[in-house]
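Given next are the chains, with one letter for each unit.
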Amino acid sequence: MLRSVIEEKVGRNLNSVQLICVNADTLMGSDKQSVGLLDTFRMERVRTILTHTRPYPHEHSRHAIIAVVVGCLFFISSDNMHTLIEKLDNNIKWWSMYACLLGFFYFFSSPFIGKTIKPSYSNFSRWYIAWILVAALYHLPSFQSMGVDLRMNLSMFLTICLSSILFLLVFHVIFLGLWYLGLISRVAGKRPEILTILQNCAVISIFCCVFYSHCGNRAMLRQRPLERRNSSWFSFWKKEERNTLLAKFLRMNELKDQVCSSWFAPVGSASDYPLLSKWVLYGELGSDNGGSSDEISPIYSLWATFIGLYIANYVVERSTGWALTHPLSVEEYEKTKKKQMKPDFLDMVPWYSGTSADLFKTVFDLLVSVTLFVGRFDMRMMQAAMNKVQEGAQQGDFFYDHFSEKEDLWFDFMADTGDGGNSSYSVARLLAQPSIRVSKGYPVSTLPRADVLLIGGDLAYPNPSAFNYEKRLFRPFEYALQPPPWYKKEHIAVNKPELPYGVSELKQYRGPQCFAIPGNHDWFDGLHTFMRYICHKSWLGGWFMPQKKSYFALQLPRRWWVFGLDLALHCDIDVYQFKFFSELIKEKVGEHDSVIIMTHEPSWLLDWYFNVVSGNNVKHLICDYLKGRCKLRMAGDLHHYMRHSYVQSDGPVHVQHLLVNGCGGAFLHPTHAFSSFSEYYGTKYESKAAYPSFEDSNRIALGNILKFRKKNWQFDFIGGIIYFLLAFSMFPQCKLDPILQDDSFSGHLRSFFGAVWNAFVYVLEHSYVSLAGTLLLLIAAISFVPSKASRKRRVIIGMLHVSAHLTAAIVLMLLLELGVETCIRHNLLATSGEFLILVVKVIPFSCYPERSMLHPRFDRLISLLSTGYLLIVFGSGYHTLYQWYQSVENEHFPDPTGLRSRIEQWTFGLYPACIKYLMSAFDIPEVMAVTRSNICKNGMESLSRGGAVIYYSSVFLSFWVFSTPVVSLVFGSYLYICINWLNIHFDEAFSSLRIANYKSFTRFHINRDGDLEVYTLAIDKVPKEWKLDPEWDGEPKPQQLSHLREFPSKWSAAIPHQDPINTVKIIDQFVIRQTEKPDFTASNGSVSC
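Definitions and cut-offs
- Residues numbered from 1 in each chain as written.
- Predicted model: local features only at pLDDT ≥ 70, side-chain atom pairs only at ≥ 80, totals over all residues.
- Heavy atoms only, no water.
- Helix = DSSP H or I, 4+ residues; strand = E, 2+ residues; numbered from the N terminus.
- Areas by Shrake-Rupley, 256 points an atom, 1.4 Å probe, with all protein chains shown as cover.
- Patch = residues over 30% accessible without salt bridge, like charges linked within 9 Å, V, L, I, M, F, W, Y side chains within 5 Å.
- Salt bridge = Lys/Arg side-chain N within 4 Å of Asp/Glu carboxyl O.
- Core = buried A, V, L, I, M, F, W, Y, C linked by side-chain atoms within 4.5 Å.
- Buried < 20%, exposed > 50% of the residue type's maximum accessible area, 1.4 Å probe, protein only.
- Contact = heavy atoms within 4.5 Å.
- Phe/Tyr/Trp six-rings, centres within 6.5 Å; stacked < 30°, edge-to-face > 60°.
- pLDDT = per-residue confidence, 0-100.
- Expected span 1.5 Å × (residues − 1).
- Bend = angle between axes of the 7 residues up to and from the residue.
- Right-handed = clockwise from strand over helix to strand, strands pointing away.
- Pairing = 2+ DSSP bridges.
- Axes fitted to C-alpha atoms, helices over the stretch in contact; angles between N-to-C directions.
- Parallel < 35°, antiparallel > 145°, perpendicular 65-115°, else oblique.
- Left-handed = near helix turned anticlockwise from the far one by under 90°.
- Nonpolar A, V, L, I, M, F, W, Y, C, P; charged D, E, K, R; others polar.
- Lys, Arg positive; Asp, Glu negative; His and termini not counted.
- Charge placed at Lys NZ, Arg CZ, Asp CG, Glu CD.
- Disulfide = S-S within 2.5 Å.
- Polar contact = N/O pair within 3.5 Å; in protein donor to acceptor, adjacent residues only side chain to side chain.

Student: Got a minute to help me understand the overall build of the protein in this structure?
Tutor: The secondary structure content of the protein amounts to 37 helices and 26 strands. A total of about 50,800 Å² of accessible surface is found on the protein, and carbon and sulfur atoms cover 59% of it.

Student: Honestly, a nonpolar patch on the surface in this entry has me stumped. Any pointers?
Tutor: On the surface, Leu169, Ile194, Leu195 and Leu198 cluster together into a nonpolar patch covering about 340 Å² of accessible area. Among the elements that make up the nonpolar patch, the one with the highest residue count is helix α10 (residues 194-215) (three residues).

Student: So what exactly am I meant to see when it comes to the nonpolar core here?
Tutor: Generally speaking, a soluble globular protein has its nonpolar side chains buried in company with each other. Membership of the largest hydrophobic core comes to 152 residues, with the highest contact counts inside it found for Phe411, Leu454, Phe563 and Tyr723. When residues of this core are assigned to their parent elements, the largest contribution, 16 residues, is made by helix α34 (residues 945-982). With residues near it in sequence (within four places) discarded, Phe411 still touches Ala450, Val452, Leu454, Leu556, Ile596, Thr1002, Arg1003, Phe1004, Ile1006 and Leu1012. Counting 55 residues, the second largest nonpolar core, distinct from the first, contains Ala428, Leu447, Leu481 and Met531.

Student: Is there a simple way to explain the packing of aromatic side chains in this structure?
Tutor: The relation between two aromatic rings is expressed through the spacing of the ring centres and the mutual angle of the planes. Following the criterion strictly, the structure yields 58 aromatic pairs and no others. Ring geometry for Phe515 against Phe552: centres 5.3 Å apart, planes inclined by 45 degrees, an arrangement best described as tilted. Linking Phe515 in strand β6 (residues 513-516) with Phe552 in strand β9 (residues 552-556), this pair joins segments that are 37 residues apart in sequence. Note on accessibility: Phe515 and Phe552 belong to one class, buried. Between Tyr691 and Tyr998, the aromatic rings sit 5.6 Å apart at their centres with planes inclined by 65 degrees, giving edge-to-face as the arrangement.

Student: Just to check I follow, could you spell out the confidence of the model for the protein for this structure?
Tutor: Keep in mind that low pLDDT regions are not for reading the predicted coordinates in detail. Taken as a whole, the protein shows an average pLDDT of 76; of its residues, 67% reach a score of 70 or greater. Across residues 322-326, where pLDDT falls below 50, the model places ten contacts with residues more than four positions away in sequence or in other chains. In this model residues 389-394 is a low-confidence stretch, pLDDT under 50, and it forms eight contacts with partners more than four residues away in sequence or in other chains.

Student: Could you clarify how one ought to interpret helix α18 (residues 466-480) in this entry?
Tutor: Because the α-helix completes a turn every 3.6 residues, residues three or four places apart line up on one side. Here α18 is 15 residues long and its end C-alpha atoms lie 20 Å apart, about the 21 Å a rise of 1.5 Å per residue gives. Of all the bends in α18, the greatest, near 40 degrees, is centred on Phe474, and the proline Pro476 appears no more than four residues after it. Here α18 lies mainly inside the structure; eleven of its 15 residues are buried.

Student: Which parts of the structure should I look at to understand the pairing of β6?
Tutor: Strand residues, when the strand is regular, have side chains that alternate between the two faces of the sheet. The two faces of β6 match: Gln513 and Phe515 on one face and Cys514 and Ala516 on the other face are all buried. One crossover worth recording links strand β5 (residues 452-455) to the parallel β6 by way of α18, and it is right-handed.

Student: Please explain the sheet that holds strand β12 (residues 630-635) as it appears in this structure.
Tutor: In a beta sheet, neighbouring strands are held together by backbone hydrogen bonds and run either parallel or antiparallel to one another. With mixed pairing, the nine strands of this open sheet are ordered in space as β1-β9-β10-β11-β12-β14-β13-β16-β15. The open sheet has two edge strands with one neighbour each: β1 (399-400) and β15 (679-680). Across five bridges, β9 lies against strand β10 (residues 560-564) in antiparallel orientation. Bridging from a neighbouring strand, Leu554 pairs with Val562 of β10. Along the sheet, helix α22 (residues 616-626) makes contact with β10, β11 (594-598), β12 and β14 (655-661), crossing β12 at roughly 165 degrees.

Student: I'm lost on the packing of helix α33 (residues 924-938) against α34 in this one. Help?
Tutor: Helices that pack against each other are described as a pair by the angle of their axes relative to one another and the distance between those axes. Across the interface, α33 lies against α34 with an axial gap of 9 Å and an inter-helix angle of 130 degrees. In terms of orientation, α33 and α34 fall into the oblique class. Considering only the axes of α33 and α34, their crossing is left-handed. Here Ile924, Val927, Met928, Thr931, Arg932 and Ile935 of α33 come into contact with α34, specifically with Gly947, Ile950, Tyr951, Ser954, Val955, Leu957 and Ser958. Taken together, the residues of the contact of α33 with α34 sort by class into eight nonpolar, four polar and one charged.

Student: Can you help me understand a positive patch on the surface in this one?
Tutor: Together, Lys707, Lys710, Lys711, Lys1021 and Lys1024 make up a region of like positive charge exposed at the surface. Judged by relative accessible area, Lys1024 falls into the exposed class, the value being 64%.

Student: How should I be thinking about the state of the cysteines in this particular structure?
Tutor: Disulfides are covalent bonds that link the sulfur atoms of two cysteine residues. Applying the stated criterion across every chain, the model contains one disulfide. A sulfur-sulfur separation of 2.0 Å characterises the disulfide bridge that pairs Cys734 with Cys936. Taking the sign of the S-S torsion, -85 degrees for the link of Cys734 and Cys936, the bridge is left-handed. Within this pair, whereas Cys734 is found in the loop between α25 (716-727) and α26 (737-740), its partner Cys936 is found in helix α33, the two being separated by 202 residues in sequence.

Student: Help me out: how do you make sense of the environment of Leu982 in this one?
Tutor: Take Leu982: it is sitting in helix α34. Look at Leu982 and you get partly exposed, because its relative accessible area is 28%. For the pair Leu982 and Ala673, spaced 309 residues apart in sequence, the C-alpha to C-alpha distance is 9.7 Å. Look past the residues within four positions of Leu982 in its chain and what remains in contact with it is Arg793, Ile797 and Ile977.

Student: I would appreciate a short explanation of the pattern of salt bridges in the present structure.
Tutor: Oppositely charged side chains are able to pair whenever their charged atoms sit close together. What the rule picks out here adds up to 23 salt bridges. Between Lys684 and Glu679 there is a salt bridge whose closest N-O contact spans 3.3 Å. Under the relative-accessibility criterion, Lys684 is labelled partly exposed at 45%. When the shortest N-O distance is used, the salt bridge between Glu821 and Arg825 registers 2.8 Å. Here Glu821 pairs with Arg825, and both are found in helix α29 (residues 791-825), just four residues apart, close to one helical turn.

Student: Whenever I open this one, the environment of Arg932 confuses me. Can you help?
Tutor: One can find Arg932 in helix α33. Distance from Arg932 to Val820, taken between C-alpha atoms, is 9.1 Å for residues 112 residues apart in sequence. Contact partners of Arg932, with chain neighbours within four places excluded, come to Pro732, Gln733, Cys734, Leu736, Glu817, Val820, Glu821, Ile824 and Tyr951. A polar contact of 2.6 Å, which involves the side chain of Arg932, links it to the side chain of Glu821.

Student: Mind showing me how you'd approach unusual backbone geometry here?
Tutor: Across residues other than glycine, the phi torsion is negative in most instances, and most of the peptide bonds are trans. Here the residue pair Tyr461 and Pro462 is connected by a cis peptide bond, since its omega of -5 degrees sits within 30 degrees of zero. Checked against the element boundaries, Pro462 lands in the loop between β5 and α18. Of note, the bond from Tyr691 into Pro692 is cis; its omega dihedral lies within 30 degrees of zero at 0 degrees. Inspection of the secondary structure puts Pro692 in the loop between β16 (683-691) and α23 (694-700). Its identity is not glycine, yet Lys627 carries a phi of approximately 55 degrees, on the positive side. Looking at the element boundaries, Lys627 is found in the loop between α22 and β12. Note on Lys627: relative accessible area 62%, which makes it exposed. Unlike most non-glycine residues, Asn827 shows phi in positive territory, near 55 degrees. Within the element layout of this structure, Asn827 appears in the loop between α29 and β17 (836-841). Under the relative-accessibility criterion, Asn827 is labelled partly exposed at 32%.

Student: How should the packing of helix α9 (residues 150-180) against helix α32 (residues 910-922) be read in this particular structure?
Tutor: Look at α9 against α32: their axes get within 10 Å of each other, and the N-to-C directions meet at 130 degrees. In terms of axis orientation, α9 runs oblique to α32. At the point where α9 passes α32, the crossing takes the right-handed sense. Contacts from Leu154, Ser155, Leu158, Thr159, Leu162, Ser163 and Leu166 of α9 reach α32 at Tyr911, Cys914, Ile915, Leu918, Met919 and Phe922. Residues belonging to the contact of α9 with α32 are distributed by class as follows: ten nonpolar, three polar and no charged.

Student: Explain helix α17 (residues 421-432) here, please?
Tutor: Its twelve residues place the ends of α17 16 Å apart at the C-alpha level, agreeing with the 16 Å of an ideal helix rising 1.5 Å per residue. A large share of α17 lies buried, amounting to eleven of its twelve residues. Along α17, the positions that sit buried rather than exposed are Gly421, Ser423, Ser424, Tyr425, Ser426, Val427, Ala428, Arg429, Leu430, Leu431 and Ala432.

Student: For this particular structure, what's the right way to read the side chain of Ser538?
Tutor: Structurally, Ser538 can be placed in the loop between α19 (528-535) and β7 (539-540). What makes Ser538 buried here is its relative accessible area of 5%. A distance of 3.2 Å separates a polar atom in the side chain of Ser538 from a polar atom in the side chain of Glu498. Here Ser538 is in contact with Ala493, Glu498, Trp543, Phe544 and Met545, once residues within four sequence places are set aside.

Student: For this particular structure, what's the right way to read the pairing of strand β20 (residues 999-1006)?
Tutor: Of all the eight residues making up β20, eight are buried; the element is thus mostly covered by neighbouring parts of the structure. Burial along β20 is two-sided: the face carrying Lys999, Phe1001, Arg1003 and His1005 and the face carrying Ser1000, Thr1002, Phe1004 and Ile1006 are both buried. Of the pairings in the sheet, the one linking strand β2 (residues 409-414) to β20 comprises five bridges and is antiparallel in character. By the bridge assignment, Trp410 is partnered in β20 with His1005. In this sheet, strand β21 (residues 1012-1019) lies alongside β20 in antiparallel orientation, the contact comprising eight bridges. In the strand pairing of β21, Phe1001 is matched with Leu1017. In sequence, β20 turns back onto β21 through a hairpin of five residues, with Gly1010 there showing a positive phi of about 90 degrees.

Written out as structure tokens, the structure reads:
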């Protein structure tokens, strides 16, 4: 039976596990196994369900965690549910405290439930929340009323966990030493993760504690027949029906008893094992006079079994390799591994992260760029100076006319890519397809791949580092359309265009090409990374890049032009750029030609929103040089899609259509914030399309209230520290009698809010740290309000914002202090702040009449003196849990061999000291309560510097759990109110949501008649899981360019119906006609000019 249990919980390495189980069966030494409910279970089926599907690498802790969770649920459901129902404490005060604690702990841990945001912080949060929650709950009384003594479990957990950590660390050091000497296979060279070791130790300790709580230190049930508890519940049950599933469920107590007696019974006696005869850990031995049992404790055997399994599993995997664990052929393994491969995409940028070094670097780069490059050193001027200017506008580095002779041309526009990998790849996958089938609601059913891709800036977020360009821009595009076989990432193109083999000039190349302009994020490092990766590389995935400078002019077929302008950081073109385009218009652009101007920022929307005027040089170029020939302006920067078309009037029309499409991969921006825009350059415009719609955009903003922390869990580091500083000067609150002594609920509320107001006044009049934190937060809040609002309005909004945070911090502080004070008054906390020594005349302690009067929460050490007096010592300072554990250790876990004292000698007192201070550090509420009582009694001056550090550290660790969900809720509500009611913070309110959905790009077609057909394609939902595309994997891969393949993209959506190819749709379609005087009509959402 034990072998089945081991195989069930390990689920792999069956050969090695069987060897261990043979030894375990030998050690069991039992003659017969009892037959009962347990034997009817099909353990092979359970083992199959719990076995992990991945062949390698194995995760030791996965099955251990499953086993512990199943065991805990099994024991609790079988033993404690009935007790819980019978002994529930009806005191509303305690259950209200339970509700508050569990509510705050749930909201603290909610971002990490069901998903792993980031393994390091997610694991830290799980263990941190478990630590603080258990430390708080075990002081409350209702667990004792249910017969659960958490002190014993906690002390045992910490002791076993520390012992396991030391044991496993020594094992790993020895194992690595043997590997270093060459005595172990080189497969074992990978170092173990410390977090994995700690997690395994914690799991082993939890299981031992669960066993002790429900089976006891000795499985005495083996020596008595099974008796059904609560037999009245099952009196109606017939014997012939007991094998049904429901009968097995109702007889859970019997199953639990059988588990305790059969699986976890004592495994022989110490006399059977000479080596272990002096190593009886926690064995229930009586006095030395005789009649005692020397059985080895099942706790020790259980702990040794798990440690042995861990070591055996680790040695087998690391020494002999994965082949022994899964007997697959190399071909089958590689095939399975390839199917399970997933792309290594990066998540959306966490803009509210308090720990991201990338964001701090972005802020620094922005300050340097604004200070140094804007108006002082401009890369655009250097490009003009370094370019070898021939005569007039014949500047080969800026002007490209190799498309002008085509009959027709397809080209795409996208902007603001390089954020989340899933969203960027979804758009790139659509761009790379040989053709796209669109919704049936439009006359065109298939759109071929574009010959040119135009990217409108912001190629990588949050800053233009080499890492972000490679991982956030190049990686998704290379997965969507692979670069040619000869491409090398480190190659620098010094003489562009570097045409493929067999192509003599640029106009002969038939593959897709790419041109890009930089955005504000690309300028944060002075355009250095953009020049390196765009202007000095030849391939963006499978798109050929002939571009040499940051701005360009493309001459397209049928008298169409594209001007790609570089606005840098001050939203305008420089004089050299103006000179180039003005001369080009004079010498090349015909009177009836049509021009498309591509910029990064949509100045028409931003100027209206912020009530400013920018881009004077661009305006001069459009109004005074193009003179009505600008048919379309398109831009990104705003991560949504909007199109405005002019309203016919008698005045001049400088630009017919204004198009914004920044849905290339970055987070979503709202559209409803710009719904009132209607005029630009003196011309009236009306909104023709918005994606998402104004209604959907308004609804999405609501997510800030409840989803802010889930999307921005790293904001905890900022929010927790801010709230602690706001409440720092108000700890502790020693005068809480008015709140606690009121008789009515309304009186409690009145006193509570009065205390809130008094604390608010105290911050303003007497505090130093809290007042300084409040003033700094006020300055930051006022500065945070966009400049769109007036100065008076910014001050009012900032003050209201800070007042909400300060009020929330005070309320949380009072709730925490009330909880601690309530526990102190009921002798649940701070019962050992001082020492009290009583010396009384000794009488037989079993007859001592006052023994029952000692409070069970007092920690005591009782010893019989040889002089005939009884010495009773109360109290242990911060070491309450340790002293209590010492007082009951000999009773529950006697040590007749003196092993513990010898371990203390061998480690020079370090082993018990470690356990002592570990228990003290664990019991945060007790540390906080003891110090708080001392402060309230003797004043803050009585604390030493170290005592103050200990007190405020314990307060911070507890206050952090309460404050982080609330600060996110308050800040998220502020953002929602600002964007939906005050129409400010459009960027901040949606960057917090990190929405990867609602992605789009625009595909243009210059047909043979010279008309420009415009299609905007979008996907509502971006897939989060990808798999290797079987069609791509099965297609032959000759040494040819990837755009010639039928299936060019490597990854497809794990759920086929969510793949962008299957969900893409047209959200806007219109036609711009190549005529001198446009005839403007609308039909079915389309516009003809």
